[in-house]
Each structure stands twice: as structure tokens, then as C-alpha cells.
Amino acid sequence: MWELDQPKYFIAFVILPVLLFLYIGHYIWQKRKQKEFGDALILEKLAPNTSVFKPFLKLFVVSLGISAIILALVNPKIGTKIETVKRQGVDIVFAVDVSKSMLAEDIAPNRLEKAKQIVSQTINQLGSDRIGIIGYAGAAYPVLPITTDYAVAKMYLQNMNTDMVSSQGTALQDAILLATKSFDNPATSKVLILLSDGEDHEMGYEQAVEEAKAQGIQIITIGLGTEKGGPIPIRYNGTIQGYKKDNAGETVITRFSPATLKTIAEQGNGGYVYGNNTKQVTEFIKDKLSTLQKTEFESQQIADFESQFQWFLFFGFLFLLADVLLLDRKTAWITKLNLFNVKQNEK
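Reading the values: the criteria
- Residues numbered from 1 in each chain as written.
- Predicted model: local features only at pLDDT ≥ 70, side-chain atom pairs only at ≥ 80, totals over all residues.
- Heavy atoms only, no water.
- Pairing = 2+ DSSP bridges.
- Helix = DSSP H or I, 4+ residues; strand = E, 2+ residues; numbered from the N terminus.
- Axes fitted to C-alpha atoms, helices over the stretch in contact; angles between N-to-C directions.
- Salt bridge = Lys/Arg side-chain N within 4 Å of Asp/Glu carboxyl O.
- Buried < 20%, exposed > 50% of the residue type's maximum accessible area, 1.4 Å probe, protein only.

Caption draft 1: Geometry of the sheet that holds strand 4 (residues 130-136). Spatially, 5-4-3-6-7-12 is the arrangement adopted by the 6 strands of the open sheet, whose pairing is mixed. Lying at the two open borders of the sheet, with one neighbouring strand each, are strand 5 (140-147) and strand 12 (271-274). On average, adjacent strands in this sheet sit at an angle of 15° to one another, irrespective of strand direction. As judged from the 5 bridges shared by strand 4 and strand 5, these two strands associate in the antiparallel manner. In the strand pairing of strand 5, Ile134 is matched with Pro142.

Caption draft 2: Quick look at the pattern of salt bridges. Scanning the model with the defined rule gives 11 salt bridges in all. Residues Arg111 and Asp106 are paired through a salt bridge, measuring 2.8 Å at the closest nitrogen-oxygen approach. On the basis of relative accessibility, which here comes to 0%, the residue Arg111 falls in the buried class. Here Lys116 makes a salt bridge to Glu113, at a shortest N to O gap of 3.5 Å. On the criterion of helical spacing, the pair formed by Lys116 and Glu113 is a turn pair, its members being 3 residues apart in helix 4 (residues 111-124). Using a relative accessible area of 31% as the deciding quantity, one classes Glu113 as partly exposed. Via salt bridges that share partners, Asp91, Arg130 and Asp184 belong to a single interconnected network.

Caption draft 3: Representation of unusual backbone geometry in the model. Residue Ala108 is joined to Pro109 through a cis peptide bond whose omega torsion reads -10°. Looking at where Pro109 falls in the secondary structure, it is placed in the loop between strand 3 (91-97) and helix 4. Look at Asn75: it is not a glycine, yet its phi comes out positive at around 60°. Secondary-structure assignment places Asn75 in the loop between helix 3 (54-74) and strand 2 (76-89). According to the relative accessible area criterion, Asn75 is buried, its value standing at 9%. Positive phi, normally seen in glycine, also occurs at Asn269, with a value near 55°. Note that Asn269 resides in the loop between helix 8 (258-267) and strand 12. A residue is classified by how much of its surface remains accessible, and Asn269, at 49% relative accessible area, is partly exposed.

Just distances and angles here, no functional claims.
Right, dumping it as C-alpha cells:
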């Protein structure tokens with residue numbers, strides 16, 4: 001296994017085409033000046049030991065040296081073994097509402113982006129807990145199974161949008177039921193964090209909450225939006241083209257409904273918090289998680305990643321030194337071989 005420590009330095013490879021461009025420009029300029037100075041045959045007799053091949057070889061060697069130094073800056077690392085790490089934590093599943101109503105901008109920047117912000121900040125303060133992500137609208141959809149890889153979780157989180165679930169609505173029941181199936185270790189403490197504006201277009205969540213509670217899952221709900229509500233913007237290439245309208249042609253106003261979320265939190269032995277202040281929400285979640293018993297579990301990861309930059313640095317300076325030692329003159333012993341059977345001028 002391998003990884004790149006500083007991949008941003010790959011941009012330095014732009015030096016190579018610039019170097020080639022400058023060399024070609026200098027070569028053309030040099031040839032023109034030589035023609036102005038005199039006939040090519042005369043110039044060859046004046047400088048018989050000047051090599052035609054060596055300048056190209058020097059350019060190639062310099063390019064190899066620069067490439068090796070750039071790779072040294074990138075610092076490739078090689079993982080030498082897989083080791084099993086014991087961790088203690090709880091299992092957390094985030095269920096994020098991705099229905100169209102979450103595009104309302106009654107809280108900045110909009111309800112969905114606020115939900116992503118809350119989840120991301122919560123992940124930042126976790127230690128060795130395992131996390132999973134679910135998206136739901138008219139149906140629930142597994143986004144990421146339980147994992148300890150927080151970087152991957154954040155990547156999947158940022159890619160969530162209102163187009164990932166075709167059927168619209170807010171099926172809280174489906175989200176809760178899918179979450180109960182997402183927990184893969186019956187021995188761990190389990191928490192479902194449900195983020196929504198509370199507009200539940202399908203009833204029957206009570207039974208799903210009871211099933212979750214029977215499996216020892218605590219449910220924390222986070223409300224997003226305002227009671228005044230707001231229209232649902234329709235965007236094209238980032239620009240608002242209009243707002244969603246109903247069958248009568250009236251602009252749809254989506255309003256925050258906290259009652260359902262509060263009921264779910266109460267029945268789910270968790271807690272409810274309003275999501276307008278990210279810091280307050282993350283502190284609330286942190287306090288709730290601190291009361292739960294940590295369970296030991298095992299996870300495998302690549303260990304002992306060793307830097308390999310020194311090899312590239314060595315060869316980089318070696319190639320640059322070779323360029324300094326290479327002269328533009330013909331190599332004497334190659335000339336003596338007379339590989340192309342060129343007749344030598346008699347003295």
C-alpha cells in the first residue's frame with residue numbers, strides 16, 4: 001500500500017514543458033545565428049568536436065533530475081503492514097433529510113447545507129467512534145456504511161444533494177428503519193442523529209421508533225428551518241430561476257415543524273435540539289455521547305507508512321550532477337569507435 005504525502009507539488013511538473021519550450025527557442029535562435037556567421041561546413045571544421053547529440057542528452061538528464069526532485073517533494077510513502085487496532089467508542093448513524101424542502105433558505109445558506117455543516121463539525125469532535133450516513137426523502141437511501149474513516153465520510157457527506165432520492169417527501173419512518181439495519185454490532189452503544197425540517201409526509205414513524213428503542217438505539221433529532229418558512233428555489237447553474245409552485249400556480253412555502261421531531265426524540269430516549277446554531281448543536285451532541293458506554297471493537301488499518309523522498313532526492317541530485325559533468329564535446333572513445341564508418345581527414 002502507498003500514499004502521497006504532498007500531492008499538491010505535482011503542479012511543479014509544469015516546469016518541464018516550460019524548460020522544453022525555452023530549449024527549443026534557444027536551439028532555433030542558435031541555428032539562425034550560426035547561419036548568419038558562416039557556412040555550416042566551415043563551422044563544423046572550426047569546431048569538429050562539438051556534439052550534436054549531447055545537448056539533447058543534457059536536456060533529458062536535467063528533466064529526469066527535476067522530475068525526481070518534484071517527486072521527492074510529493075513524498076510517496078509505502079505502508080509496510082496491516083495492523084489491527086483496538087478502539088473504544090459508540091456507533092453513530094447520521095440520517096440527513098434530502099427532500100426539496102431542505103433547499104429553503106430560511107436559515108443560511110440553506111437547510112441542507114446547514115445539516116451538512118452540523119454533521120461535519122460533529123465528526124470533527126469525535127474520537128474513535130464509528131459513523132454511518134443515510135439520506136432520505138420519500139424513501140431512505142444508504143450513503144455510507146458504518147466506518148471509522150472520517151475523511152471518506154466527509155467526502156460522501158459533501159456529495160449529498162436533493163437529487164439522490166427520486167421520490168420526494170420526508171419519510172421519517174423509512175429513515176429510522178434503515179438506520180436500525182445499519183448498526184452491525186449488537187454489543188455497541190448506538191445513536192441515530194436525525195436531521196430534518198420536520199415535514200413528515202408519511203405517518204407511522206411511531207412503530208419505527210419503538211423498533212429502534214427495542215434495539216437499544218437512542219435517537220437525537222435536530223430541527224432545521226424557521227416557523228415562518230420560505231420558498232423552495234429552483235436553480236440552474238447556481239442561479240435561481242424561480243420558486244417551486246403548487247398545482248394552483250402558487251409559490252410553495254415550506255415551514256419548519258418541530259413537533260414531530262420532538263416526539264421522536266422523546267420516544268427514542270434521546271433529545272431534541274434546534275439546529276440554527278452549529279456550535280450549540282455539536283456541544284449538545286457531545287454531552288449526549290459522553291453519557292454513553294464506550295464499547296471496544298477492532299479495526300484494521302495500514303500502519304508504518306515510511307517516507308521514500310530520500311531516494312528521489314538522491315537520484316534527482318545525481319542526474320543534475322551528471323548534467324554538469326556532461327560536456328558539449330564529442331565523447332573521445334565513441335568517436336574512436338567510428339560506428340558510422342565516417343572517413344577521417346588525413347593529416
